[in-house]
Amino acid sequence: MRKIYVIGIGSGNPDHLTLQAAKAIGRTDVFFLLDKGEAKESMIELRRRILKAYGRPSRRIAQGRDPDRDRTPADYEGTIADWRHRRSEVTEALIGEHLLDDETGAFLVWGDPSLYDSTISILDEILARGQTIFEYEVIPGISSVSTLAAKHRIGLNRVGRPFQVTTGRRLAEGWPDGADDVIVMLDAHQTFGTVDGGDVEIFWGAYLGTEDELLIAGPLDEVADEIRRVRAEARERHGWIMDTYLLRRRV
């Protein structure tokens, strides 16, 4: 039976691969990549560097076009469900065309596959249709959240206090109840600017774990404008940006 690995690769630094991930890459025959366009070519190139470092010489790459989606939808959940469905169709076609019955394929997933990534649910949707049969295994990776904390030399939680991981879209609805430490991912609109920063510190990072890494920390009121400036310049330079931050109330 065909087997597929879902491999967490961290932020793109080959040194962030776990030994388990490196071994799985070395056993893989076909790697599936979804092209997001020219602006994301550097993200594809980071994956190629990892394959060159750990993949077998005979490895093959099957590449498809990642479907476009509305980034400011009126119906967010419906739009995401539709996008994932279209993505599952592209993925299923790649598997059916390129992965032989006795071969192993793999998806290289940024960070950790269990945290704000759709690959697992997409593979489950394909299996539920019953037309393409395979088994799959998930290999955990170092997430941007873990990398952010390590780079700023902080713990994510404080004694006796919970922390929450959320998105910029949800933060825009208000500070989460019951948490003084909030980690924010997938924030294209710098939603930290909507937070009352009088008693809040921010620990921000972009391109974490790569040679382009950027880090800024300090009282939110004092560094918010600097983060906006640095972020805008970096996005213009690279054509894309991945950033994560922790908001911490002083208590």
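Up top you'll find the structure we're talking about.
These numbers come from a predicted model, not from an experiment.

Undergrad: I'd love a proper account of the overall build of the protein chain, names of residues and values included.
TA: Helices and strands together make up the secondary structure of the protein chain, namely seven helices and ten strands. Here the C-alpha atoms of the protein chain give a radius of gyration of 19 Å, agreeing with the 18 Å that 2.2 N^0.38 yields for 251 residues. Its C-alpha atoms give the protein chain principal-axis dimensions of roughly 60 × 40 × 40 Å. Contacts in the protein chain between residues far apart in sequence, at least 24 positions, make up 72% of those at least 6 positions apart.

Undergrad: Can you tell me about the sheet that holds strand 1 (residues 3-8), naming the residues and giving the values?
TA: The five strands are arranged 3-2-4-1-5 in an open sheet whose pairing can be described as parallel. The open sheet has two free edges, formed respectively by strand 3 (60-65) and strand 5 (135-139), since each of these has just one partner strand. Adjacent strand axes in the sheet meet at a mean angle of 25°, parallel and antiparallel pairs treated alike. The strands that helix 1 (residues 19-27) touches are strand 1, strand 2 (30-35), strand 4 (104-109) and strand 5; relative to strand 1, the one it contacts most, it runs at about 145°. Across the sheet, helix 4 (residues 119-129) lies against strand 1, strand 4 and strand 5, angled at about 170° from strand 5, the strand it touches most.

Undergrad: An account of the environment of Leu115 is needed here, citing residue identities and associated values.
TA: Inspection of the secondary structure assignment puts Leu115 in the loop between strand 4 and helix 4. Note: C-alpha distance between Leu115 and Asn13 (102 residues apart in sequence) is 18 Å. Ignoring any residue separated from it by four or fewer positions in sequence, one finds Leu115 in contact with Ser143, Val145, Val165 and Met185.

Undergrad: Pulling in residues and values, what's your account of unusual backbone geometry?
TA: Positive phi, normally seen in glycine, also occurs at Tyr116, with a value near 55°. At Gln190, a position not held by glycine, the phi torsion is positive, near 50°. By the secondary structure assignment, Gln190 is in the loop between strand 7 (181-185) and strand 8 (200-206).

Undergrad: An account of the packing of aromatic side chains is requested, with residue identities and associated values reported.
TA: Inspection of every chain in the model, using the stated rule, returns three aromatic pairs. With centroids separated by 5.2 Å and ring planes inclined at 80°, the aromatic side chains of Tyr207 and Trp240 adopt a geometry described as edge-to-face. Taken together, the positions of Tyr207 in the loop between strand 8 and strand 9 (214-219) and Trp240 in the loop between helix 7 (220-238) and strand 10 (243-249) put the pair 33 residues apart, joining distant regions of the chain. Overall, Tyr207 belongs to the buried group, its relative accessible area being 4%. For Trp240, a relative accessible area of 7% corresponds to the buried category. One cation-aromatic arrangement involves Arg249 over Trp175; the distance from NZ or CZ to the ring centre is 4.2 Å.

Undergrad: Could you give an account of the nonpolar core, naming the residues involved and the relevant values?
TA: In this structure, Phe192, Ile202, Trp204, Leu220, Tyr245 and Leu247 are the most contacted members of the largest nonpolar core, which totals 24 residues. Considering each element in turn, this core owes the most residues, six residues, to helix 7. Sequence-distant contacts of Trp204, that is, excluding residues within four places in its chain, are made with Leu148, His152, Leu214, Leu215, Ile216, Ile227, Val230, Arg231, Asp243, Thr244 and Tyr245.

Undergrad: So, the sheet that holds strand 6 (residues 163-167): which residues are in play, and what are the values?
TA: Across the sheet, which stays open at both edges, the five strands sit in the order 6-7-10-8-9 with mixed pairing between neighbours. On the outer flanks of this sheet lie strand 6 and strand 9, each paired with one strand and no other. Across the sheet, the mean angle from the axis of one strand to that of its neighbour is 15°, orientation sign disregarded. Alignment of strand 7 against strand 10, held across four bridges, turns out to be antiparallel. Looking across to strand 10, one finds that Val182 is bridged to Leu247.

About the cut-offs
- Residues numbered from 1 in each chain as written.
- Predicted model: local features only at pLDDT ≥ 70, side-chain atom pairs only at ≥ 80, totals over all residues.
- Heavy atoms only, no water.
- Helix = DSSP H or I, 4+ residues; strand = E, 2+ residues; numbered from the N terminus.
- Rg over C-alpha atoms; globule rule 2.2 N^0.38 Å.
- Contact = heavy atoms within 4.5 Å.
- Pairing = 2+ DSSP bridges.
- Axes fitted to C-alpha atoms, helices over the stretch in contact; angles between N-to-C directions.
- Phe/Tyr/Trp six-rings, centres within 6.5 Å; stacked < 30°, edge-to-face > 60°.
- Buried < 20%, exposed > 50% of the residue type's maximum accessible area, 1.4 Å probe, protein only.
- Lys NZ or Arg CZ within 6 Å of the ring centre and 35° of its normal.
- Core = buried A, V, L, I, M, F, W, Y, C linked by side-chain atoms within 4.5 Å.

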